[in-house]
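Fold and contact review
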Amino acid sequence: MNDIPHMTPDEFRKHGREVVDWIARYMETVEQFPVLSQAGPGETRSQLPEAPPEEGESFDAMMADVDRIIMPGITHWQSPYFFGFFPANISAPSILGELLTAGLGVQGMIWATSPACTEVETLVLDWLVGMLGLPGKFKSDSQGGGVIQDTASSSSLCAMLAARERATNFASNEKGITQTLTAYTSNQAHSSIEKAIKIIGIGREHLRLIDVDETFAMKPTKLQEAISADRAAGLTPFFVSATVGTTSSNGFDPLTAIGEICSRENLWMHVDAAMSGTAALCEEFRDIHDGLEYADSYCFNPHKWMLTNFDCDCFYVADRAALINTLSILPEYLRNQASESGEVFDYRDWHIPLGRRFRALKLWFVIRHYGVNGLKQHVREHISHAQAFASWVKSDDNFEIAAPHRLTLVCFRHKEGDAINQRILDHLNHSGKMFLTHTKLDDKLTLRMSIGATATKREHVRQAWTWIREAAQACEYND
Ligand SMILES: Cc1ncc(COP(=O)(O)O)c(C=O)c1O
């Protein structure tokens, strides 16, 4: 019988170098690819064999297929001309951290399965409390603490679960939900809040979408009215999710006013700062978190804008006991002395899955490589590009700004209405030169210029603005 065809360490060394070279070349040339993949549905799969190979193939053959078949099906999120959605920016130290994580192959479900995996995570999350100026109650030396989750969606789900348990005296985990619980968020909140309310068994009809003001921020008076109406109807309000930097327009909910309501009404307050939390690295933007001292939980995504490869969401709670009591399980086979001593964190009780990767390594590398000052500079540069872009839009009579643009998202539109904005968007995205996405604000189709790719510099933003104006001219001409 033949040996199993494992790659030998020497072969791994050789191919590993090739892959690192490939990635470095990609970084150098990413700007030349069409940003939005031009592949049609089924085009990638149709070029690949339906059946897996019976015998192993060479690494060279796989890499050749990456170049020939996979690359045309890639949308280049790392292109300096990627301005869609929110970014998922990356960096070399983060990629190397990911590689080490994969190489160690650690499964850090409990402290005992790799103490460093847990302790580096706790340390880095404590660092970030200081780096972002978050309330001290989120640090591990208080009653609270932080944990890395895969996504902000998972954080919101965990926050909601802990809130449900706290509101029902930890009975719903045992008996199911016997009351009608109600939750609140703004009509601009991310869809993950709605998803979570469905998953945890509250029911979408019991999520109240609160009106926003002209800056797309939740109106606290409307929140209070909705809570009072629910109480009067015999329902049990339990949870509010406020957003720091909404997805659609980067609106900022007033945390202090919302927090006062939550504390008066005894509701769990979650704050979703998935994209914009990173801005608080810089003192001049920290006021986006004013009122965070009221929050029971908070999350932001280094995997959006803090140079850390997807996935990496930092989730904090003020009272870790509420979260752990909600999610803790203790089968015999996981019992161990360290856990029972109470001296260690077992992060398996802080999120949904049991298993967990050593994600903290890449975050630790990013923070150590850039230093706090390097990260601040990165944030400031992107914000200044967005502000420059907004000033160019304002000075063009054909376009208008559609929402406040404090950070890196500029919502804007051609003044002549939805049809031309749609044509501009299609024209630009099909050209492959740059990629933009859209939203609806005040019922009007609105273009979103979202700046945040690692490689984006002023010259790329300036070039993008030229292309946008050219597209507008071409689309007007086509009328
Ligand atoms: C405000 C906000 N919350 C949550 C999310 C979802 O993030 P994730 O993919 O980490 O679940 C997003 C994504 O853009 C977002 O903008």
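Residues numbered from 1 in each chain as written. Predicted model: local features only at pLDDT ≥ 70, side-chain atom pairs only at ≥ 80, totals over all residues.

Before going further, it helps to spend a moment on the environment of His351. Within the secondary structure, His351 is located in the loop between α13 (337–341) and α14 (360–394). A count of 20 C-beta atoms within 10 Å places His351 in the buried class. Sequence spacing of His351 and Val147 is 204 residues, and the spatial spacing of their C-alpha atoms is 8.4 Å. (Helix = DSSP H or I, 4+ residues; strand = E, 2+ residues; numbered from the N terminus. Buried ≥ 20, exposed ≤ 12 C-beta atoms within 10 Å, placed from the backbone.)

Around the ligand, a shell composed of 14 residues is seen, among which Thr151, Ser153, His190, Thr247 and Ala274 lie nearest. A breakdown of the residues in the shell around the ligand according to their chemical character gives 4 nonpolar, 8 polar and 2 charged. (Near = placed C-beta within 6 Å. Nonpolar A, V, L, I, M, F, W, Y, C, P; charged D, E, K, R; others polar.)

Let's shift gears to the pairing of strand β2 (residues 145–149). Counting buried positions over the 5 residues of β2 gives 5, a clear majority of the element. Of the two faces of β2, the one carrying Gly145, Val147 and Gln149 and the one carrying Gly146 and Ile148 are both buried.

To continue, consider the pairing of strand β12 (residues 444–450). Burial within β12 is extensive, with 5 of its 7 residues counted as buried. As paired strands, strand β11 (residues 435–441) and β12 are joined by 5 bridges and run antiparallel to one another. Pairing of His438 across the sheet is with Leu447, part of β12. Where β11 hands over to β12, the hairpin turn is made up of 2 residues, of which Asp442 adopts a positive phi near 50 degrees. (Pairing = 2+ DSSP bridges.)

It is worth spelling out α14 at this point. Here α14 contains 35 residues, and its C-alpha end-to-end distance of 42 Å is more than 12% below the 51 Å for a straight helix at 1.5 Å per residue. Taken as a whole, α14 carries its principal kink of about 90 degrees at Gly371. (Expected span 1.5 Å × (residues − 1). Bend = angle between axes of the 7 residues up to and from the residue.)

Here Ser276 lies in the loop between β6 (268–272) and β7 (297–300). On the basis of neighbour count, Ser276 is assigned to the buried category, with 27 C-beta atoms found within 10 Å. Once the C-alpha coordinates of Ser276 and Phe435 are considered, the two residues, 159 residues apart in sequence, prove to be 21 Å apart. For Ser276, the contacting residues outside a window of four places in its chain are Val244, Gly245, Asn250, Ile288 and Leu407. (Contact = placed C-beta atoms within 7 Å.)

Bringing the domain arrangement of the protein chain into the picture now. For the protein chain, the assigned domains read domain 1 (9–32 + 37–74), domain 2 (106–357) and domain 3 (365–477). Taken over C-alpha atoms, the centre of domain 1 sits 31 Å from the centre of domain 3. (Domains from an automatic or database assignment.)

Taken in spatial order, the 5 strands make up an open sheet running β1-β11-β12-β10-β9, and their pairing is mixed. Each edge of the open sheet carries a strand with a single partner, namely β1 (82–83) and β9 (399–401). Pairing between β1 and β11: 2 bridges, direction parallel. Bridging from a neighbouring strand, Phe82 pairs with Phe435 of β11. Against the sheet, α14 engages β9, β10 (409–414) and β12, with an angle of about 20 degrees to β10. Set on the sheet, helix α15 (residues 418–431) makes contact with β10, β11 and β12; between it and β12 the angle comes to about 35 degrees. (Axes fitted to C-alpha atoms, helices over the stretch in contact; angles between N-to-C directions.)

Another point: helix α10 (residues 255–265). For α10, every residue scored as buried is listed here: Leu255, Ile258, Gly259, Ile261 and Cys262. Angular distribution of buried residues about the axis of α10 spans 160 degrees; they occupy a single face of the element. Considering only its buried residues, α10 is in contact with α9 (220–232), β5 (236–243) and β6. (Arc of directions from axis to C-beta.)

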